[in-house]
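Below are the chains, spelled out letter by letter.
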Amino acid sequence: MKGLVIKNTGSWYQVKTDDGRSIECKIKGNFRLKGIRSTNPVAVGDRVRIAVNREGTAYIHEIEDRKNYIIRRSSNLSKQSHILAANLDQCMLIVTVNYPETSTTFIDRFLASAEAYRIPVKLIFNKIDVYNDDELHYLDALINLYSQIGYPCFQISAIEGKGIETIKKELAGKITLFSGHSGVGKSTLINSILPEVNLKTGEISAYHNKGMHTTTFSEMFPIDEGGYIIDTPGIKGFGTFDMEEEEIGHYFPEIFKASVHCKYGNCTHRHEPGCAVRQAIEQHLISESRYTSYLSMLEDKEEGKYRAAY
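Computed from a prediction, not measured in an experiment: that's the story for all the values here. (Residues numbered from 1 in each chain as written. Predicted model: local features only at pLDDT ≥ 70, side-chain atom pairs only at ≥ 80, totals over all residues. Heavy atoms only, no water.)

Caption draft 1: Up close: unusual backbone geometry. Residues Y99 and P100 are joined by a peptide bond in cis, for which omega reads -5°. By the element assignment, P100 lies in the loop between β8 (90-95) and α1 (104-116). Here R118, not a glycine, exhibits a phi torsion of approximately 55°, which is positive. Tracing the chain through its elements places R118 in the loop between α1 and β9 (121-125). By relative accessible area, R118 is classed as exposed at 75%. Unlike most non-glycine residues, H284 shows phi in positive territory, near 60°. (Helix = DSSP H or I, 4+ residues; strand = E, 2+ residues; numbered from the N terminus. Buried < 20%, exposed > 50% of the residue type's maximum accessible area, 1.4 Å probe, protein only.)

Caption draft 2: Quick look at the UniProt feature "binding site: Zn(2+)" (unreviewed entry) in the protein chain. Residues annotated by UniProt as "binding site: Zn(2+)" (unreviewed entry) correspond here to C262, C267, H269 and C275. Looking at the element boundaries, C262 is found in the loop between α6 (253-259) and α7 (276-282). The residues contacting C262, other than those within four sequence positions of it, are C267, H269, G274, C275, A276 and V277. Mapped onto the secondary structure, H269 falls in the loop between α6 and α7. Not counting the four nearest positions on each side in its chain, H269 is found in contact with I255, S259, C262, C275, V277, R278, Y291 and Y294. (UniProt positions renumbered as here; feature names shortened; annotations may be inferred. Contact = heavy atoms within 4.5 Å.)

Quick look at the structure:
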């Protein structure tokens, strides 16, 4: 029997079968022994085969080949990964300039991971209703930066409903992963798009200016226009996983474009003579913040561990 994994609680999976049923499944014990170094070998969005045993328990026994997936280093187990979702048409990264603040390092790590699997990303800048003049100025600078690189940017206020109709059009007919820090307004945005879902929303900690987790597992929701939204728990950091040092620059489109003019083919863009990337930074053709993010990902490879600060 075939189906689509639409919910993952960590202990069991909800599978929507091709004949329209919804079945709770577990994974076979030997499933984790197939060389998948992941905290969750099965992810929301996976197409799977399931079987029901004599006792009536359903088991997932096979995952069909994935088109793509978004993966990050597991924050507790540095040698393992965590797959956020599989078989995506696009990602929407929800960003807030404040309440809580989303760093450019976090944005860039997410974008690079999506680039590695050729998944388009759209940046959704939420909470435009609460920013002061300085924050709005910074917001404009971020939108200018990422738009020039080629990432579509949208300004919304999920709580006031501003910009929601535009987002709905961008979702139509696509499987879209929503991601971002806790507290950026993912659940509020989904409730604006799908009021019947009625997800729990949380408060921001005034002391830490961070969100508290309200979503505790990943789940897919069908949308009227066709397609799905995948809601995921808020993530604090985005440790990149399974990237070779020489590949990292490929996942920054503007760095990759400039690197073809470097003197050496294996240039790391740090100290080599004739580096076209560092020259482009000096000429303000590549952003310092993007270069800093690139260097931080190289450090991950050198240290061989996940740097939780990101």
